[in-house]
Amino acid sequence: MDLAYTPEEEDFRQRLRAWLAEVLPKLPPRPDPLDWPARRAYDMGWQRTLYDAGYAGLHWPAEAGGRGATPTQHLIFLEETEAAGAPYVGAGFVGLLHAGPTVAAEGTPDQRERWLPPILRGEQVWCQGFSEPDAGSDLAALRTRAVRDGDDYVVTGSKIWTSHAEVADWCELLVRTDPGAPKHRGITWLAMPMDAPGITVRPLRTLAGSAEFAEVFLDEVRVPVRNRVGEENDGWRVTMVTLSYERGTAFVGEVVACRRTLRLLARRARENGRWDDPAVRRELGRLNARFTALWRLTQWNVSEAEHSLRQGGKGVPGPGGSVFKLRYSHARQELYEAAAHVLGLEALDLDEEWAQGRLSSLSYTIAAGTSQIQRNIVAERILGLPKGR
């Protein structure tokens, strides 16, 4: 793993930094975080700004409409945009960070041409229809059925925790197409238009008061067969590609954000006198070491993906993403627990960013695969331990 930046990469950093300094002061005010239609418009407006400047899909391959930048340049982009306070992907999270990359890696030329440019231009939002009410953390236990009827699949079932469903144009949807097959072998990955007849979206309000998730009910929804990514009943393999992106690289920007939050927390501790407590200093120092280690792990995962590309592969993150996701989920919770020790009652004020961050952090040991699932993946696929009974 090479942790040093080349002169070309440092030049890229300086040019990006100068562009951000020019464009960020011109952005409109951020909308109410609970107003998702307004947030969609704001997030997609920022995505269009990135597209016009040549920074959209920075690390996507050129044949998928991206810039074809190296994974290291992508890390520099995340570092600089976070340091400058640029908008995050927001409502574009699913499309830009895992649905789009999955289509780029597994889709047909027609599918890549049809779906990827609108994602990059900020014209379409995707949601994720994976989890189901009765499946728990066992994603392969899904029951939503898709029956082939000519050139369509007829889909019936329900999904839960569907990210951004209320403002989405498309859904990356997992369905069961062969109920008689072993559960991992009868699954298919579909792209479902969210304006199709038979779809009902019911927003779910979180502890933090936001509604970025929803229940989605599907009543004989017709999805064209040409919207299938991969072969019928090969959806589990395609899903592993999606989850590799979701766990391996989709949270990278948030590590940068957490490191910034930790620096802010240390500054607040110095201001309010809590820095004089050795226990507080030890806690913040320990967190600094953990987030530094997570950033190095991120660089390792990126280096692995970059090596895959050089060897003619697709650059899909490996199972090391589960190590990252597992440790990051807990480190984020520990960060906001430390904030409570430093800030006291201020950390409980729901109108403050600290309380919102704490409530949000509670979901990270569940989102994108529970910590228990991540431990199984690490044990079986990295350490080579036998499967549990």
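Our structure is the block above this text.
To start, this report covers the structure provided alongside it. (Residues numbered from 1 in each chain as written. Predicted model: local features only at pLDDT ≥ 70, side-chain atom pairs only at ≥ 80, totals over all residues. Heavy atoms only, no water.)

1. A short note on the overall build of the chain
Working step 1: Along the backbone of the chain there are eleven helices and eight strands.
Working step 2: Per-residue burial over the chain gives 51% buried out of 389 residues.
Working step 3: Pairs at least 24 apart in sequence give 73% of the contacts found in the chain among residues at least 6 apart.
Working step 4: Summing over all exposed atoms, the chain offers an accessible surface of approximately 18200 Å²; the carbon and sulfur share of this is 52%. (Helix = DSSP H or I, 4+ residues; strand = E, 2+ residues; numbered from the N terminus. Buried < 20%, exposed > 50% of the residue type's maximum accessible area, 1.4 Å probe, protein only. Contact = heavy atoms within 4.5 Å. Areas by Shrake-Rupley, 256 points an atom, 1.4 Å probe, with all protein chains shown as cover.)

2. Focus: the packing of helix α1 (residues 7-23) against helix α3 (residues 71-83)
Working step 1: Here α1 crosses α3 at 35 degrees, and the two axes come no closer than 10 Å. Seen from above, α1 lies across α3 with right-handed handedness. Contact with α1, carried on its side by Glu-9, Phe-12, Arg-13, Leu-16, Arg-17 and Leu-20, involves Thr-72, Gln-73, Ile-76, Phe-77, Glu-79, Glu-80 and Thr-81 of α3 and no other residues of that element.
Working step 2: Looking at the contact of α1 with α3, its residues break down into five nonpolar, three polar and five charged. (Axes fitted to C-alpha atoms, helices over the stretch in contact; angles between N-to-C directions. Left-handed = near helix turned anticlockwise from the far one by under 90°. Nonpolar A, V, L, I, M, F, W, Y, C, P; charged D, E, K, R; others polar.)

3. Some points on the state of the cysteines
Working step 1: Taken as a whole and assessed by the stated rule, the structure comprises zero disulfides.
Working step 2: With no disulfide of its own, Cys-127 lies closest to Cys-171 among cysteine sulfurs, the gap being 3.8 Å.
Working step 3: Classification of Cys-127 as buried rests on a relative accessible area of 0%. (Disulfide = S-S within 2.5 Å.)

4. Comments concerning the environment of Leu-218
Working step 1: Mapping Leu-218 onto the fold places it in strand β7 (residues 213-224).
Working step 2: Through-space distance from the C-alpha of Leu-218 to that of Val-155 is 6.5 Å; in sequence the pair is 63 residues apart.
Working step 3: Those residues within four positions of Leu-218 in sequence are excluded, and the remaining contacts are Thr-144, Val-155, Thr-156, Gly-157, Leu-173, Met-192, Gly-198 and Ile-199.

5. Some thoughts on the nonpolar core
Working step 1: Counting 45 residues, the largest nonpolar core has Trp-19, Trp-46, Tyr-55, Trp-126 and Trp-189 as the members making the most contacts within it.
Working step 2: Every element with two or more residues in this core is listed here: α1, α2 (36-53), α3, α4 (93-106), α5 (109-120), β4 (170-176), β5 (187-193) and α6 (235-248).
Working step 3: Considering each element in turn, this core owes the most residues, seven residues, to α4.
Working step 4: With residues up to four places along the chain from it excluded, the contact list for Trp-46 reads Trp-19, Leu-20, Val-23, Leu-24, Leu-27, Ala-86, Pro-87 and Tyr-88. (Core = buried A, V, L, I, M, F, W, Y, C linked by side-chain atoms within 4.5 Å.)

6. Description of the pattern of salt bridges
Working step 1: Counted under the stated rule, the structure contains 22 salt bridges.
Working step 2: When the shortest N-O distance is used, the salt bridge between Arg-222 and Asp-149 registers 2.7 Å. Highlighted residues: Arg-222 in strand β7 and Asp-149 in strand β2 (residues 145-149), separated in sequence by 73 residues.
Working step 3: The exposure class of Asp-149 is partly exposed, given its relative accessible area of 41%.
Working step 4: Overlapping salt bridges, with partners in common, bring together Glu-10, Arg-13, Arg-17, Glu-79 and Glu-80 in one network. (Salt bridge = Lys/Arg side-chain N within 4 Å of Asp/Glu carboxyl O.)

7. Overview of α1
Working step 1: Between the first and last C-alpha of α1 there are 25 Å, a value that for 17 residues agrees with the 24 Å anticipated at 1.5 Å per step.
Working step 2: The inward-facing, buried residues of α1 contact α2 and α3. (Expected span 1.5 Å × (residues − 1).)

8. A short note on the packing of aromatic side chains
Two numbers describe a pair of aromatic rings. These are the distance of the centres and the angle of the planes.
Working step 1: According to the stated counting rule, one finds eight aromatic pairs in the structure shown.
Working step 2: Ring centres 5.5 Å apart and planes at 65 degrees place the aromatic pair Trp-115 and Trp-170 in the edge-to-face group. Of the two residues, Trp-115 sits in helix α5 while Trp-170 sits in strand β4, which places them 55 residues apart along the sequence.
Working step 3: With relative accessibility at 0%, the residue Trp-115 sits in the buried group.
Working step 4: Three or more aromatic residues joined by ring pairs make a cluster, and in this case those are Phe-12, Trp-19, Trp-46, Tyr-55 and Phe-77.
Working step 5: Sitting above the plane of the Trp-36 ring, Arg-39 keeps its charged end 3.9 Å from the centroid. (Phe/Tyr/Trp six-rings, centres within 6.5 Å; stacked < 30°, edge-to-face > 60°. Lys NZ or Arg CZ within 6 Å of the ring centre and 35° of its normal.)

9. Re the pairing of β5
Working step 1: Taken across its seven residues, β5 has seven buried, putting it largely inside the fold.
Working step 2: Because side chains alternate across β5, one face comprises the buried residues Ile-187, Trp-189, Ala-191 and Pro-193, and the other comprises Thr-188, Leu-190 and Met-192, equally buried.
Working step 3: As paired elements, β4 and β5 share seven bridges and run antiparallel to each other. Its bridge partner lying in β5, Val-175 is registered against Thr-188.
Working step 4: Summarising the sheet, β5 and strand β8 (residues 228-229) pair through two bridges and their orientation is antiparallel. Bridging across to β8, Trp-189 finds its partner in Val-229. (Pairing = 2+ DSSP bridges.)

10. Section: the side chain of Arg-332
Working step 1: Within the element layout of this structure, Arg-332 appears in helix α9 (residues 320-343).
Working step 2: Side-chain polar atoms of Arg-332 contact the side chain of Tyr-328, separated by 2.8 Å. (Polar contact = N/O pair within 3.5 Å; in protein donor to acceptor, adjacent residues only side chain to side chain.)

11. Points about the pairing of strand β3 (residues 152-159)
Working step 1: By the bridge criterion, five bridges tie β2 to β3 in an arrangement that is antiparallel. Within the sheet, the bridge partner assigned to Arg-148 lies in β3 and is Tyr-153.
Working step 2: Hairpin connection, β2 to β3: the antiparallel pair is bridged by two residues, and Gly-150 has positive phi, about 65 degrees.
Working step 3: Strand direction decides the pairing type here: β3 and β7, joined by seven bridges, are antiparallel. Across the sheet, residue Val-154 finds its bridge partner in β7, namely Arg-222.

12. Examining α4
Side chains that are three or four residues apart share a direction in an α-helix, a result of its 3.6 residues per turn.
Working step 1: With 14 residues, α4 extends 19 Å from end C-alpha to end C-alpha; this agrees with the ideal 20 Å at 1.5 Å per step.
Working step 2: If you look at α4, its biggest bend is around 40 degrees, right at Ala-99, and the proline Pro-101 turns up within four residues after that. (Bend = angle between axes of the 7 residues up to and from the residue.)

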